[in-house]
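Geometric and topological summary
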Amino acid sequence: MKKTFYMVLVMLCLQTAENIVYSNSENQSGSPFSQSQFVPDISFILDLAYIERDITDTTRQSLFIPGMTYSSEYLSSIDDDTASEQNGRGFSFNYGEMNIASVVDPYFDLFVNLSFTEEGVEFEEGYFTSRSFPFGFQLKAGKFLSSFGRLNEQHGHFWDFFDQPLIYSVVFGEGNLNETGMRLTWVAPFDFYMMLGVEALQGRNSASFGIKGFSDVQHNVTVDDSRGPNLYVAYLKYSYDFDTLTLLMGGSGALGKTRLNMALDQSGIQGEGYNGSTHIWGGDITLKYLIDSFRYISLQAEYIIKTFDGRQYTQDTADNISSAECEKVQSGMYAQLVLKPFLQWRFAARYDLLNKNRIEYNGTRDTEYPENMPRYSCMIDYNPTEFSRFRIQYNHDRSHYYKENNEYVNKPNNEIIVQCNLSIGAHGAHSF
Amino acid sequence: MKKILIASISILYLVTTAHAGRIKVLTSYPYIADIVQKIGKEHVRVHYLARGNWDPHTVIPRPSFIAKVRRADLLIINGGQLEIGYLPPILKQANNADVFPGRKGFLDLSSSITMIDVPRSVSRAQGDMHPDGNPHYYLDPHNIPPLAKAITKKLCELDYHNASNYRNNQSVFLNKWNSKLAEWDRKLKSLRGISVVEYHKNFDYLLRRYGIKLVGTVEPLPGIPPTSRHMETISQIIARHSVKFIIHDVYHPERASKLLAKKHNIRMVVLPHDVGATNEAEGIFSLFDEIVRRLSQ
């Protein structure tokens, strides 16, 4: 059904494109009803990778970060072949991304971002923004990437590395915090940049929040849905220029209810469920020194801490359920250095660390969860023009574990990624 | 408590309205800012975004740009898609509806000029293309008067109380400019008919105006650094057309141009492309004084 819908959508796009070509030639002969000038800005981005890795795809899929990402039991229960193929060893098609944007009328702008994978198309973003709010306010509504932190709002092709920092994938999942809701921002009328934003979001994020209630196989426990909007985000961003050195700082908070169900309703496998509330706080700092138009040095660091307070439900393979008061305090950071010494080349290094992983059940700390889990990355990218990029990245990852004899065992992993990213259509913008 | 609140509100009010009465003009490039300053004088407060010694195409959009757009009453751009890489997202984030394209507080200077080299077909196989034509039109000194007139007209529209001042300043500016034009025309007359090579097509309008023949560029395509094969080609062109000098800008690496100049024993002339590009080019007058001086050396 979904596929058919998108097939129709693509057909329509092509049809429109054909009409444009037709109406363009028509226009020269002076058609009074030509619409070609109203075509929105369209661009398409293609991202491909080739990956070499120490471990097999099956091993990689069985690894996890204890207490932070889904356990291997749960992952194997959803048995998603496509998930293991994605970014597996060898060639992989990462994504295609189509951006469509235009002015709606004097009052609104519309922006749509469709994400294409081999399986289908997804509405990654689709929102409108106000054009004419007074006093420096702007309203945004629809489905969009939250502006939490420094990186959440950035699309993949803006990243300085192939992958996002560990703490982002742990706290928000692979797709970042991408929610339906509303946002109001205010830019202060000062000589320096200061922006305040608040967001009210549905809060369906499956890594930290979620709104759908759950119950176990034997219906001993039932947790109600939480009421949407479920998640509130606020942030303050500040920037100051010291000649050609720019400082950018930000502080963000995300507060929401948590309803997470990992195979609790499936019989015969280990399941987990969480019911409570989650608070996430983040602080970021960027220092960028512009040597000239082409060359710069940029230092960026971010710290994010997440606390969960509520109840954890555990179901064993015989479908017996138990529960405990649970409190999690987990945090991580990354620091990265990017050098752009030539027009077409960039060199970068990043240090990732999940430093805190404190989990308490009924007021007693469970010490089996490991802390201080690092990853080291470095990358070189070559940009023939603004529209194409080739990157090689090396990761040494010591953050992933497997479980053996009820103990977590670290499994270090080395990977080399060759990535290429190409874009056509409307001119994309440079990012800071 | 109440006193503190009142005090802080009034301080905030004072800070934000201290320059009320003066039009806050923001320009993308410093050369525009200088013209605005000469016409607006004490009635305007001018800021600009890009630095004069940087590549006008690749400007890194700093967050402070957003703050500047937020506070502007009038935004003046060069246009011709020169700002396409950095200004659209800044406008989107600055939440200032007054300076959106099409509004009263927005002026695109390229609309007062007829641009050259408008491509008949547009493809990025030709490098970083400008579909509206070559956007470096302001580097022909004869194109400055229409820009000054467009700016004056806009200032009068926004601040009609001072319209007569702006018109007076404009005529002072134009009188001085016209006498300067005569001087520059005279000095560059001797260059008519010679052949030159440019690094990037920055100075086409100037070359065309003074009958200087451009026979090639050191970059193979706009925005693409020279390859060894292209260096070979351009070297042959230099020999064949007995090129007099290579024009270079202040922001591209000089290595390739220097190499060619040395090989053929000709001059490499570094020309400022904007106010602030070199120390001598402090304003719009001295920018052209310096271009003419360096060319006629």
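First, a word on what this report is: a plain description of the structure on this page. In this text, all values refer to a predicted model and were calculated from it rather than measured experimentally. (Residues numbered from 1 in each chain as written. Chains lettered and ligands numbered in written order. Predicted model: local features only at pLDDT ≥ 70, side-chain atom pairs only at ≥ 80, totals over all residues. Heavy atoms only, no water.)

1. Some thoughts on the interface of chain B and chain A
Of the residues lining the interface, 36 residues belong to chain B; the matching set on chain A comes to 46 residues. Note on chain B versus chain A: buried area summed over both sides is about 3,400 Å², and carbon and sulfur give 57% of it. Joining chain B to chain A, the criterion identifies 3 salt bridges. The partner of D243 of chain A in a salt bridge is R51 of chain B, and the shortest N-O contact between them spans 2.6 Å. Counting the contacts that link chain B with chain A gives 13 residue pairs in polar contact (both at pLDDT 80 or more). If you list the elements that add at least two residues to the side of chain B that touches chain A, you get α1 (2-17), α3 (63-71) and α4 (87-94) of chain B. Looking at the side of chain B that touches chain A element by element, the count peaks at 6 residues for α3 of chain B. (Contact = heavy atoms within 4.5 Å. Buried area = accessible area lost by both parts, 1.4 Å probe. Salt bridge = Lys/Arg side-chain N within 4 Å of Asp/Glu carboxyl O. Polar contact = N/O pair within 3.5 Å; in protein donor to acceptor, adjacent residues only side chain to side chain. Helix = DSSP H or I, 4+ residues; strand = E, 2+ residues; numbered from the N terminus.)

2. As for the packing of helix α6 (residues 163-188) of chain B against helix α10 (residues 284-295) of chain B
All names here are of chain B. It is at 10 Å that the axes of α6 and α10 come closest, and there the two elements cross at 5 degrees. Viewed along their axes, α6 and α10 adopt a mutual orientation that is roughly parallel. Counted together, F173, K176, W177, K180, E183, W184, K187 and L188 of α6 and I284, F285, F288, D289, V292 and L295 of α10 form the full contact between these two elements. Of the residues that constitute the contact of α6 with α10, the class distribution is 9 nonpolar, no polar and 5 charged. (Axes fitted to C-alpha atoms, helices over the stretch in contact; angles between N-to-C directions. Parallel < 35°, antiparallel > 145°, perpendicular 65-115°, else oblique. Nonpolar A, V, L, I, M, F, W, Y, C, P; charged D, E, K, R; others polar.)

3. Focus: the packing of aromatic side chains
Following the criterion strictly, the structure yields 28 aromatic pairs over all chains and no others. Each ring, one from F214 of chain A and one from Y313 of chain A, has its centre 6.1 Å from the other, and the planes form 75 degrees; the classification is edge-to-face. Of this pair, F214 of chain A sits in strand β8 (residues 214-215) while Y313 of chain A sits in strand β13 (residues 296-315); the two residues are 99 residues apart in sequence, bridging distant segments of the chain. Here F214 of chain A falls in the buried class, since its relative accessible area comes to 5%. For Y313 of chain A, a relative accessible area of 8% gives the class buried. Taken together, the ring pairs in this structure connect F173, W177, W184, F285 and F288 of chain B into an aromatic cluster. The ring of Y235 of chain A has K237 of chain A lying over it, and the distance from NZ or CZ to the ring centre is 5.1 Å. For K176 of chain B, the ring lying beneath its charged end belongs to F285 of chain B, and the centroid distance is 4.2 Å. (Phe/Tyr/Trp six-rings, centres within 6.5 Å; stacked < 30°, edge-to-face > 60°. Buried < 20%, exposed > 50% of the residue type's maximum accessible area, 1.4 Å probe, protein only. Lys NZ or Arg CZ within 6 Å of the ring centre and 35° of its normal.)

Read these as spatial facts, not as claims about activity.
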